[in-house]
Amino acid sequence: MPEDVPGPDEGIGLSGSPYTIRAAQDDDAAPLCGILNEIIRIGGTTAIEDELDPDTFRQYFLSGPNRLCCMVAEAPDGTLFGFQFLGSHADLPHDCGDISTFARQKPRSRGVGTALFAATLEIAGQLGLETINATIRADNTGGLAYYSKMGLQDDSLAPAVPLRSGKAVDRVSKRYRIR
Ligand SMILES: CC(C)(COP(=O)(O)OP(=O)(O)OC[C@H]1O[C@@H](n2cnc3c(N)ncnc32)[C@H](O)[C@@H]1OP(=O)(O)O)[C@@H](O)C(=O)NCCC(=O)NCCS
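These numbers were taken from a predicted model, which means no experiment stands behind them.

*Asks:* Would you mind showing me how to read the overall build of the protein chain here?
*Replies:* Scanning the protein chain from terminus to terminus reveals 4 helices and 7 strands. Listing every helix and strand of the protein chain by position from the N terminus yields β-α-α-β-β-β-α-β-α-β-β. The globule rule puts the C-alpha radius of gyration for 179 residues at 16 Å, and the 16 Å found for the protein chain is close to it. Seen through its principal axes, the protein chain has C-alpha atoms that stretch 45 × 40 × 30 Å. Counting only residues that meet the buried cut, the protein chain has 43% of its 179 residues in that class. Residue pairs in contact within the protein chain that sit at least 24 positions apart in sequence constitute 59% of those at least 6 positions apart. Of the roughly 9200 Å² of accessible surface on the protein chain, 49% is carried by carbon and sulfur atoms. The protein chain carries 17 positive and 24 negative side-chain charges, and their two centres are separated by 5 Å.

So this is what it looks like as structure tokens:
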């Protein structure tokens with residue numbers, strides 16, 4: 001845990017988490033974009049290869065037509081520690097939401113993804129969705145382990161999807177059945 005964030009035992013917010021989980025607001029775009037861009041710069045996890053500017057981030061994650069919900073994890077001092085986006089996707093059934101999750105890397109903190117998923121799941125149920133899909137790079141061992149721990153199960157594999165570099169990476173799709 002970072003020094004300035006209380007541990008889970010001092011928790012406030014959702015299910016004992018030190019984070020307050022809430023819907024993303026327009027003025028969260030810059031800090032959330034910073035979290036995403038750090039992950040893009042580190043590389044090897046997200047399929048997004050180019051850093052975004054806050055306006056582009058806002059247009060896609062916060063107000064885009066595909067957005068079903070976008071939840072953020074906020075520490076008691078107001079620092080945002082991650083976000084989780086649920087969106088519709090042309091390749092998925094209408095009652096299936098496509099999820100992506102990004103937790104602050106510097107400093108890192110455990111439990112952000114877990115707290116976000118509990119909230120997103122609740123909203124997905126309220127929206128009447130049947131399933132949640134996550135499509136993950138097969139070389140993203142942390143992402144695969146995270147979604148497995150959240151209860152998503154292997155569904156399908158798209159082999160050898162090329163990155164811009166030409167490197168081919170399989171994509172694993174995992175599903176969570178809500179009802
Ligand atoms: C994947 C990610 C969202 C997980 O968030 P997180 O806040 O670290 O997740 P949590 O701390 O709540 O972890 C929950 C469980 O997931 C698993 N897990 C999470 N990260 C893991 C890792 N790097 N390696 C192995 N297991 C991991 C563990 O089982 C963990 O439970 P534990 O702490 O009891 O061992 C975060 O690491 C991240 O932002 N990664 C970069 C972006 C990414 O890959 N996103 C997913 C694809 S969209």
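Now, onward.
*Asks:* Explain the environment of Thr 56 here, please?
*Replies:* Note that Thr 56 resides in helix H2 (residues 54–62). Residue class for Thr 56 comes out partly exposed when judged on its relative accessible area of 36%. For the pair Thr 56 and Val 112, spaced 56 residues apart in sequence, the C-alpha to C-alpha distance is 24 Å.

*Asks:* Would you take a moment to explain helix H3 (residues 112–126) for this structure?
*Replies:* Two residues of an α-helix separated by three or four positions point the same way, owing to the 3.6 residues in each turn. Counted at 1.5 Å a residue, the expected span for H3 with its 15 residues is 21 Å, and the 22 Å between its end C-alpha atoms agrees. Of the positions making up H3, those classed as buried are Val 112, Gly 113, Ala 115, Leu 116, Phe 117, Ala 119, Thr 120, Ile 123 and Ala 124. Within two residues after H3, Gly 128 carries a phi angle of roughly 85°, on the positive side.

*Asks:* In this structure, what is going on with the side chain of Asn 140? I would like to understand it.
*Replies:* Take Asn 140: it is sitting in the loop between strand S5 (131–137) and helix H4 (141–149). Look at Asn 140 and you get buried, because its relative accessible area is 11%. Those residues in contact with Asn 140, other than ones at most four positions away along the chain, are Gly 44 and Thr 45.

*Asks:* Hey, could you run me through the pattern of salt bridges in this one?
*Replies:* One pass over the full model with this rule turns up 14 salt bridges. Across the pair Arg 41 and Glu 38 runs a salt bridge whose closest N-O atoms are separated by 3.2 Å. With a gap of 3 residues between them, Arg 41 and Glu 38 both fall in helix H1 (residues 29–42), about one helical turn apart. Taking the shortest distance from any N to any O, the salt bridge between Glu 130 and Arg 179 comes out at 3.9 Å. With Glu 130 in the loop between H3 and S5 and Arg 179 in the segment after strand S7 (168–177), the pair connects residues that are 49 residues apart, well separated along the chain.

*Asks:* Sorry if this is basic, but what is going on with the environment of Asp 55 here?
*Replies:* With respect to the helices and strands, Asp 55 occurs in helix H2. Residue classification places Asp 55 among the partly exposed positions, given a relative accessible area of 45%.

*Asks:* How should the nonpolar core be read in this particular structure?
*Replies:* Most often, soluble globular proteins keep nonpolar side chains buried together rather than apart. If you look at the biggest cluster of nonpolar residues, it comprises 26 residues, and the most contacted ones within it are Tyr 19, Ile 21, Met 71, Leu 86, Ile 99, Phe 117 and Tyr 147. For this core, the secondary-structure elements that each account for two or more residues are strand S2 (67–74), strand S3 (80–87), H3, S5 and H4. Ranked by residue count, the leading element in this core is H3, at 7 residues. Beyond its immediate chain neighbours, meaning those up to four positions away, Met 71 contacts Ile 21, Arg 22, Ala 23, Ala 24, Gly 82, Phe 83, Gln 84, Leu 116, Ala 119, Thr 120 and Ile 123. Ala 24, Ala 29, Phe 61 and Leu 80 belong to the second largest nonpolar core, which has 17 residues in total.

Parameters and conventions
- Residues numbered from 1 in each chain as written.
- Predicted model: local features only at pLDDT ≥ 70, side-chain atom pairs only at ≥ 80, totals over all residues.
- Heavy atoms only, no water.
- Helix = DSSP H or I, 4+ residues; strand = E, 2+ residues; numbered from the N terminus.
- Rg over C-alpha atoms; globule rule 2.2 N^0.38 Å.
- Buried < 20%, exposed > 50% of the residue type's maximum accessible area, 1.4 Å probe, protein only.
- Contact = heavy atoms within 4.5 Å.
- Areas by Shrake-Rupley, 256 points an atom, 1.4 Å probe, with all protein chains shown as cover.
- Lys, Arg positive; Asp, Glu negative; His and termini not counted.
- Charge placed at Lys NZ, Arg CZ, Asp CG, Glu CD.
- Expected span 1.5 Å × (residues − 1).
- Salt bridge = Lys/Arg side-chain N within 4 Å of Asp/Glu carboxyl O.
- Core = buried A, V, L, I, M, F, W, Y, C linked by side-chain atoms within 4.5 Å.

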